[in-house]
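# Close look at the chain arrangement
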Amino acid sequence: MPEEHSQTVMAVDELQAIIQRCQILEEADFKGEDFNLFQVAGQKCLEDGYAAQLLEVIQNEKNKVIIKNMGWNLISPLVRCIFMYKQEDDKREHCLRILDQLAQLCNPKELFLGLLEQIEQTSGEQVCQTVILLLQPLQTVLLKLQNKKAYSVGLSLAMIMNQLTPLPVPYTKQQIQEDKLGLCQCCNAVVDFAKPFVSEVVKNMEKSSEYNDMELKEELIKFCMQSLKYPLLAAQLEHLEGIEEHPFRQFATEITDILCNMGELIPLVFVHHKGKNPHWENQEFADIERKNSADSLACLSYLMFVQHFGVECFPVVFRTEESVLSKGLDLFESCLLRMEDNSLLHHYLELRGFINVPQDLVKIMTLCPMEHMRKKSLNVLQLFIDKFDTEGKYTLFRCLLKTSNHAGVEGYIIKNIKDQIHLALTKEYDNIWFTGHHLISLLDLVLSLPEGAETDLLQNSDRVMASLNLLRYLVIKDCESDNQTGVWTTLGKIEQNFLKPLRVGLNMSKAHYEAEIKNKKENRKEAHSSNTVCSVTVSGEKLPAMTTGMQLQVLHSALFTFDLIESVLARVEELIEVKTKAVMDENS
């Protein structure tokens, strides 16, 4: 016991001796040796467990000037000791109070650098713990800075996000609840750290519509863009049962709120205004910057249009449009649900309003940026179709095939036609509109290629696949001897207008894409790098900047689509050949 007391006295006495020596010096007379001695003595007090005594020294008003100049040197040993002690340990509490005192008393510039250095040096499992621990003192220091505040805030946020980025983003419900490395907690703590600076920007903007000091605002936009890239782009953002406050949904809300409050949300989404773009002499750095920005903007669009974060920040014109569309769809759906299927007579389609409605629904399905509205519109269109009698459905299908100009919608209508043909073939009563000469007239629209063999098969793949599936169904279900649908009568025309040009178009498309793949692979070998960024034109449109590896994936995906179409085409041709041969054998 006496020996322990002796060590205590020794550690504290060493510190007191240095303090007393410095007390009689002017601030300008402090030497490097004084700083070193203070750091060693202070560190010894901390490591030997005498944080309480060190706290008394720091709180002593007489030592204010010494702590202001030398206190920042204690940050590194202080952080080590905080993590060394258990949560309930009094020594840990003393260390936390010392950290708070240093934030209040030290030279802001020196302490700022000391805190950033500590964050930069941390790694692995301690990254989030260290960041969370130092955010409050770092915020305190930054709020005191007069010069280069914007630069210092930006540097702090960039340093923090760079340290967090290598950490894996929790994805499953269990991983998010466990938050093993503390990333979920840390992300939301960083947002709280940024809030006073956001408030400062907003306050200055309110004072003057010609707010000129854009530096702090731009640093905060960079932080938001970096947050969208990581962790939000990789995060699970759906509602998870059992998690009341989803940390990443909360984080996404905060990020979109920051952009909204600074008046940057709408420009970023619709105008792609990104503030000043850094000028890179190295083209590779410029390409990486552009790629990161594209990822961030894509994530922001997803948050707004799919998850509906920040929708309340939309200008009234956008919110009103969504509200009106939503109410209109709900009202129309409610009216349709009160009616029986097949109860609307085809005569109603002679009224302009009735024929305009499905065309307007198609516009919402294909042009509205909000996914839930597109899905709702599709459901309402199907309800509308279901309410008409068979002639009404027939008329609607002809109209939509001619006016939609969208392969996905055309594919959907063709599937509806197939369902009506199935009903016509399986029910006892006659259905003249989806059999015989009426159906043949409709099939002329369905079983054709818009531009013959030159048709863009990738762009029209939904329509082509639906048409092939319909033809396959007709060949299987309708025997040539019955020929209820008339398909066997018009088979020559179908082969001439659809099957042959489709075969030629497939061969041309596959050859083109295979040549593109070969060309890309050769270029990659020449560049000795799979990360070379270049562009490729597909379907007449230039794709966004991508690495050669990414472009090869797109090209291979297109080839897979062509192979799928080719396999169904081959099956249809085989069925036609088998059935035709069987009839010829019977006749002979």
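Residues numbered from 1 in each chain as written. Predicted model: local features only at pLDDT ≥ 70, side-chain atom pairs only at ≥ 80, totals over all residues. Heavy atoms only, no water.

### A short note on the side chain of Q307
Where we set the bar: What counts as a helix is a DSSP run of H or I of at least four residues, what counts as a strand is a run of E of at least two, and both are numbered from the N terminus. Polar contact is defined as a pair of N or O atoms within 3.5 Å, subject to the rule that within protein one atom must be able to donate a hydrogen and the other to accept it, and that residues adjacent in sequence are counted only when both atoms are side-chain atoms. By the convention used here, residues are in contact when the closest approach between their heavy atoms is within 4.5 Å.
If you trace the backbone, Q307 turns up in the loop between α15 (283-305) and α16 (316-337). There is a polar contact of 2.8 Å between the side chain of Q307 and the side chain of Y302. When neighbours within four sequence positions are excluded, Q307 is seen to be in contact with L237, E238, R249 and Y302.

### Here's the deal with the nonpolar core
Spelled out, the test is: Throughout this description, the term nonpolar core refers to a set of buried Ala, Val, Leu, Ile, Met, Phe, Trp, Tyr and Cys residues connected via side-chain atoms within 4.5 Å. Each residue is assigned to one of three classes by its accessible area relative to the maximum for its type, calculated with a 1.4 Å probe on protein chains only: buried under 20%, partly exposed between the two thresholds, exposed over 50%.
One finds L164, F223, L468 and L502 to be the most contacted residues of the largest nonpolar core, which totals 167 residues. The element that contributes the greatest number of residues to this core is helix α11 (residues 183-207), accounting for twelve residues. L502 has contacts with L449, L457, V464, L468, I565 and L569, leaving out every residue within four places of it along the chain.

### Section: the pattern of salt bridges
Note the threshold: The working definition used for a salt bridge is a side-chain nitrogen of Lys or Arg within 4 Å of a carboxyl oxygen of Asp or Glu.
This structure, assessed with the given rule, holds 20 salt bridges. For E219, the salt bridge goes to K222, with nearest N and O atoms at 3.8 Å. One end of the pair is E219 and the other is K222, both in helix α12 (residues 215-232) and three residues apart, which spans about a single turn. In this structure, K493 and D444 form a salt bridge, with 3.2 Å as the shortest nitrogen-oxygen distance. In this pair, K493 is assigned in helix α23 (residues 491-527) and D444 in helix α21 (residues 436-446), connecting sequence segments 49 residues apart. Taking relative accessible area as the criterion, D444 reaches 34% and is therefore assigned partly exposed.

### Topic: unusual backbone geometry
Omega for the bond connecting Y230 with P231 falls within 30 degrees of zero, at 10 degrees, which places this linkage in the cis form. Structurally, P231 can be placed in helix α12. At H308, a position not held by glycine, the phi torsion is positive, near 65 degrees. Mapped onto the secondary structure, H308 falls in the loop between α15 and α16. We note that N483 has phi near 50 degrees; this positive angle belongs to a residue other than glycine. Structurally, the position occupied by N483 is in the loop between α22 (461-477) and α23.

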